[in-house]
Amino acid sequence: MLEIQRLRSDKEGVLNGLFKRNIDATNTINEILDIDSLWRSSKTELESIFAELNQLSRKVGLLLKEGHQEEASQLKLETTSLKEKETNLKLKVEEMESKISALLYSLPNVPHEDVAQGKTPEDNEQIERSGDFPTFAFSASPHWDLVKKYELIDFELGVKVSGAGFPFYRGKGAKLQRALISFFLDEAEKAGYEEFIAPLLVNEASGIGTGQLPDKEGQMYYSQADDLYLIPTAEVPLTNIYRDVLLPNEDFSIKLTGYTPCFRREAGSYGKDVRGLNRLHQFDKVEIVRIENPKNSEKALNEMVAHVRELLVKLELPFRILRLCGGDMGFASAMTYDFEVYSAAQEKWLEVSSVSRFDTFQSNRLKLRYKDDQKKSHLCHTLNGSALALPRILAAILENNQTQEGITIPTILQSYTGFSSIQ
RNA sequence: GGUGGGAUGGGUGAGUGGCUGAAACCAACAGUUUGCUAAACUGUCGUACGGGUAACUGUACCGCGAGUUCGAAUCUCGCUCCCACCGCCA
C-alpha cells in the first residue's frame with residue numbers, strides 16, 4: 001500500500017510513476033486527497049469534542065466528590081448534545097477512513113525511476129544474456145517426453161490422485177528435485193541467509209501483509225473450514241515473520257531463505273505454455289527474502305540478482321536477465337528483474353526467477369519499521385526473489401543436457417544426486 | 001472434541017469506576033563516579049494519528065468489537081487467540 005503522505009507531498013511523481021504501468025490514477029488520487037483533507041478537518045473537530053467531553057467528565061467527578069449533586073447533574077445534561085454530535089461525526093470519519101484505505105489498497109506500487117514504461121513483455125529490457133544454446137545432432141525431445149522415457153515424473157498419476165498440475169516425481173526425478181533444493185539452500189546459506197521451514201498455510205492478515213489479499217484471493221487455495229490460505233510462495237510466511245515489528249535501531253540487514261512447495265490456482269491458462277512442467281498448481285521453490293534499511297535496498301537488490309545469476313552459471317544453463325517494464329511488473333513491486341533460462345527442445349525462454357524490491361509498499365501493510373538515531377520510526381524496505389523455482393529449471397536441465405545415451409547431470413549437482421547421468 | 005484458566009508497555013507484573021498512558025522491578029539508553037571492566041548513583045525510557053517551523057500540544061490505544069456510564073484497563077455481552085488438563089491422532 002502506498003503511503004498517503006507520499007500522495008500528499010508528491011502527487012505528480014506518483015501519477016507519473018503509475019503512468020509507466022499504463023495506469024491513469026488521476027481520479028483515484030484526487031478522490032483520495034479530497035477525502036483526506038475533509039477527513040483531517042473532521043478528525044480535528046472530533047478530537048476537540050472528545051477533549052471537551054473529557055473535561056466535563058473530570059469536572060463532574062470533582063463536583064460529586066465534593067458533594068455538589070445539583071451542579072453535577074447540570075453538567076451531565078450538557079454532555080448529551082455533545083455526545084450526539086460526537087456520534088454523527090465519528091460515523092462520518094470512519095466512513096472516510098474505510099473509503100481512503102479501500103482506494104489506497106487499489107493502487108499498485110510506483111515503479112522505480114529506472115523502470116521503463118511499457119505494456120507487454122516485449123517492452124522489457126534485456127540486461128544480460130549468457131551461455132550458449134545447446135545444439136543437437138538428433139532431434140531433441142521436450143521434457144514432457146523425457147520424463148516419461150526415463151520415468152522421472154508421472155503426470156497421469158498426479159491427475160488420478162489430485163488433478164492436472166500436481167505431478168508425481170519419482171526415482172531419479174525425485175532425487176534430482178531434492179538435489180536442486182539442497183543445492184539452492186546451501187548456496188543461500190553461504191550467502192548469509194538464515195534458513196527457515198515455514199508454515200504452508202497462512203492466515204488472512206499474512207495474505208494482506210504481502211499483498212496477495214485483498215483482490216487476488218482467486219490465485220490462492222483456501223481452506224474455508226479453517227480460514228487459512230495455502231501459500232503461493234514462501235515470500236508470504238517469511239516476510240510476515242516481520243509483520244508488526246519495530247526494529248530497535250537502523251543498523252540491520254535481515255536475510256531469510258526457505259524451501260517450500262508453492263500452491264497456485266492459476267485459472268485461465270491453457271495450451272503449450274502450461275504443458276509439462278511449465279505451469280503447475282503445486283511446485284517447489286527456494287525463496288530469498290530481505291528486510292533492509294531504505295538506503296541499502298538498491299545494494300541488496302543487486303546482491304540478490306548476482307546471487308541468482310551465479311546459481312544459473314553454476315548449473316550451466318543459458319539464461320537472460322530482464323528488467324521488467326512498468327506494465328509487466330507485479331502489483332507490489334517497484335522494480336523487478338526476471339531470470340529466464342533457455343529450454344532447448346521447446347526452443348523458448350522459461351521464467352525461473354523474479355527478483356523484486358518493494359520499497360515500503362509491503363512494509364506499510366506489514367507495519368514493519370525501524371528506529372533511526374533520532375528514535376524516529378520509518379518503514380523498512382522489503383525485497384525477495386526466487387532462488388530458484390524448480391520445475392522450469394528441471395525442464396531446462398533435462399532438455400539441454402539430453403544426449404542419445406541419456407541425460408547428463410550438471411557437475412555442480414552430482415555430489416547432491418549421487419549420479420552423473422540418467423539412462 | 002470436552003473442561004478449566006488467561007490476554008496490561010521490550011520482559012516480569014500491580015492495578016475492580018474518576019489526573020491511570022498506566023505502580024514497581026528487570027532489560028535498554030544517556031550521564032556521574034572509576035586506571036579499565038563491574039558495581040553504585042542520577043536521568044531518560046510506548047505507539048499511531050492530527051495541529052505547530054519548533055519547544056510543544058490534542059486525541060486514541062491495557063487481545064478485538066459492541067454496550068452500560070457524565071466518566072471504563074476496571075462493569076456487561078459477543079468474538080479471537082493463548083495456556084493447562086482430559087480425549088483423539090502423526
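Residues numbered from 1 in each chain as written. Chains lettered and ligands numbered in written order. Predicted model: local features only at pLDDT ≥ 70, side-chain atom pairs only at ≥ 80, totals over all residues. Heavy atoms only, no water.

*Asks:* Lay out the overall build of chain A with the relevant residues and their values.
*Replies:* Counting its regular elements, chain A contains 13 helices and 18 strands. For chain A, buried positions account for 49% of its 423 residues. In chain A, the proportion of contacts linking residues at least 24 apart, taken out of those at least 6 apart, comes to 74%. Within the structure as shown, chain A displays about 20,800 Å² of accessible surface, and the carbon and sulfur contribution to it stands at 47%. Between the mean site of the 51 positive side-chain charges and the mean site of the 63 negative ones, chain A shows a separation of 2 Å. (Helix = DSSP H or I, 4+ residues; strand = E, 2+ residues; numbered from the N terminus. Buried < 20%, exposed > 50% of the residue type's maximum accessible area, 1.4 Å probe, protein only. Contact = heavy atoms within 4.5 Å. Areas by Shrake-Rupley, 256 points an atom, 1.4 Å probe, with all protein chains shown as cover. Lys, Arg positive; Asp, Glu negative; His and termini not counted. Charge placed at Lys NZ, Arg CZ, Asp CG, Glu CD.)

*Asks:* Go over the protein's contact with RNA strand B, please, and point to the residues and values.
*Replies:* Near RNA strand B there are 20 residues, and of these E47, S57, R369, K371 and S377 occur at the shortest range. Counted by atom, the contact set of RNA strand B within 4 Å of the protein is 71% sugar and phosphate. Within the contact set of RNA strand B, a base nitrogen lies 2.7 Å away from a backbone nitrogen or oxygen of S57. Secondary structure elements with two or more residues in the surface near RNA strand B: α1 (4–9), α3 (26–65), α4 (69–106) and β14 (368–371). Per element, the largest residue contribution to the surface near RNA strand B is 11 residues, and it comes from α3. (Near = heavy atom within 4 Å. Polar contact = N/O pair within 3.5 Å; in protein donor to acceptor, adjacent residues only side chain to side chain.)

*Asks:* Give a description of the packing of aromatic side chains that names residues and reports values.
*Replies:* Going through the model one piece at a time under the given rule, you end up with 10 aromatic pairs. Ring plane angle 65° and centroid distance 5.7 Å describe the contact between F133 and W349, whose orientation is recorded as edge-to-face. Of the two residues, F133 sits in the loop between β1 (125–130) and α5 (143–149) while W349 sits in strand β13 (residues 348–359), which places them 216 residues apart along the sequence. With 5.6 Å between their ring centres and 45° between their planes, F183 and F184 make a pair best called tilted. The ring of F419 carries the charged tip of K172 above its face, separated from the ring centre by 4.7 Å. The ring of Y193 is capped by K255, whose NZ or CZ atom sits 5.0 Å from the centre of that ring. (Phe/Tyr/Trp six-rings, centres within 6.5 Å; stacked < 30°, edge-to-face > 60°. Lys NZ or Arg CZ within 6 Å of the ring centre and 35° of its normal.)

*Asks:* Can you lay out the nonpolar core for me, pointing to particular residues and giving the numbers?
*Replies:* Soluble globular proteins tend to bury their nonpolar side chains together. Ranked by internal contacts, the top residues of the largest apolar core, which has 57 residues, are L180, F184, L312, F339, V341 and I393. The residues contacting F339, other than those within four sequence positions of it, are V305, V308, R309, L312, R320, I321, L350, E351, V352, S353 and V355. Grouped together as the second largest cluster of nonpolar side chains are 33 residues, L2, I4, L75 and L82 included. (Core = buried A, V, L, I, M, F, W, Y, C linked by side-chain atoms within 4.5 Å.)

*Asks:* Explain the pairing of strand β12 (residues 335–343) to me, and be specific about the residues and the numbers.
*Replies:* A regular strand places its side chains so that they alternate between the two faces of the sheet. Summarising burial for β12: nine of the nine residues are buried, a large majority. Along β12, one buried face is formed by M335, Y337, F339, V341 and S343 and the opposite face, lined by T336, D338, E340 and Y342, is buried too. Of the pairings in the sheet, the one linking strand β11 (residues 319–323) to β12 comprises five bridges and is antiparallel in character. Looking across to β12, one finds that I321 is bridged to F339. In sequence, β12 turns back onto β13 through a hairpin of four residues, with E347 there showing a positive phi of about 55°. (Pairing = 2+ DSSP bridges.)

*Asks:* Explain the side chain of N240 to me, using residue names and the numbers behind them.
*Replies:* Along the chain, N240 turns up in helix α9 (residues 235–240). You can call N240 buried: its relative accessible area is 9%. A polar contact is formed between the side chain of N240 and the side chain of T210, at a distance of 3.5 Å. Not counting residues up to four positions away in its chain, the partners in contact with N240 are A205, S206, G209, T210, E235 and L366.

*Asks:* Got a sec to walk through the pairing of β11? Specific residues and values, please.
*Replies:* Across the five residues that make up β11, a large majority, five, are buried. By the alternation rule, side chains of β11 split into F319, I321 and R323 and R320 and L322, which are all buried. Here β1 runs beside β11; their pairing, made up of five bridges, is antiparallel. Residue S130 lies in a different strand from β11, and its bridge partner there is F319.

*Asks:* An account of the sheet that holds β1 is requested, with residue identities and associated values reported.
*Replies:* Spatially, β1-β11-β12-β13-β16-β10-β9-β4 is the arrangement adopted by the eight strands of the open sheet, whose pairing is mixed. Strands at the two margins of the open sheet, each flanked by one partner only, are β1 and β4 (194–196). Strand-to-strand twist in this sheet, taken as the mean axis angle between neighbours without regard to direction, amounts to 20°. Those strands touched by helix α12 (residues 390–400) are β10 (282–292), β12, β13 and β16 (381–389), and its axis lies near 30° from that of β12. (Axes fitted to C-alpha atoms, helices over the stretch in contact; angles between N-to-C directions.)

*Asks:* Could you give an account of the domain arrangement of chain A, with specific residues and numbers?
*Replies:* One can read the domain layout of chain A as domain 1 (4–106) and domain 2 (121–422). For domain 1 versus domain 2, the distance between C-alpha centres works out to 44 Å. Taken together, the contact pairs five residues of domain 1 with nine residues of domain 2. Around 580 Å² of area is buried between domain 1 and domain 2 when both sides are counted, 47% of it from carbon and sulfur atoms. On inspection of domain 1 and its partner domain 2, the count reaches zero salt bridges. Remark: the boundary between domain 1 and domain 2 carries four residue pairs in polar contact (both at pLDDT 80 or more). (Domains from an automatic or database assignment. Buried area = accessible area lost by both parts, 1.4 Å probe. Salt bridge = Lys/Arg side-chain N within 4 Å of Asp/Glu carboxyl O.)

*Asks:* How would you explain the sheet that holds strand β15 (residues 377–379) if you had to name every residue and give the values?
*Replies:* Backbone hydrogen bonds hold the strands of a sheet together, and the pairing may be parallel or antiparallel. The mixed open sheet is built from three strands, whose spatial order is β8-β14-β15. For this open sheet the edge positions go to β8 (245–247) and β15, each flanked by a neighbour on one side alone. Strand after strand, the sheet turns through a mean of 30° between neighbouring axes, direction not considered. Summarising the sheet, β8 and β14 pair through three bridges and their orientation is parallel.

*Asks:* Got a sec to walk through a negative patch on the surface? Specific residues and values, please.
*Replies:* Negative charge collects at one region of the surface, where E204, D215, E217, D226 and D227 lie side by side. Assignment of secondary structure puts D227 in the loop between β6 (222–223) and β7 (228–230). Classification of D227 as partly exposed rests on a relative accessible area of 38%. (Patch = residues over 30% accessible without salt bridge, like charges linked within 9 Å, V, L, I, M, F, W, Y side chains within 5 Å.)

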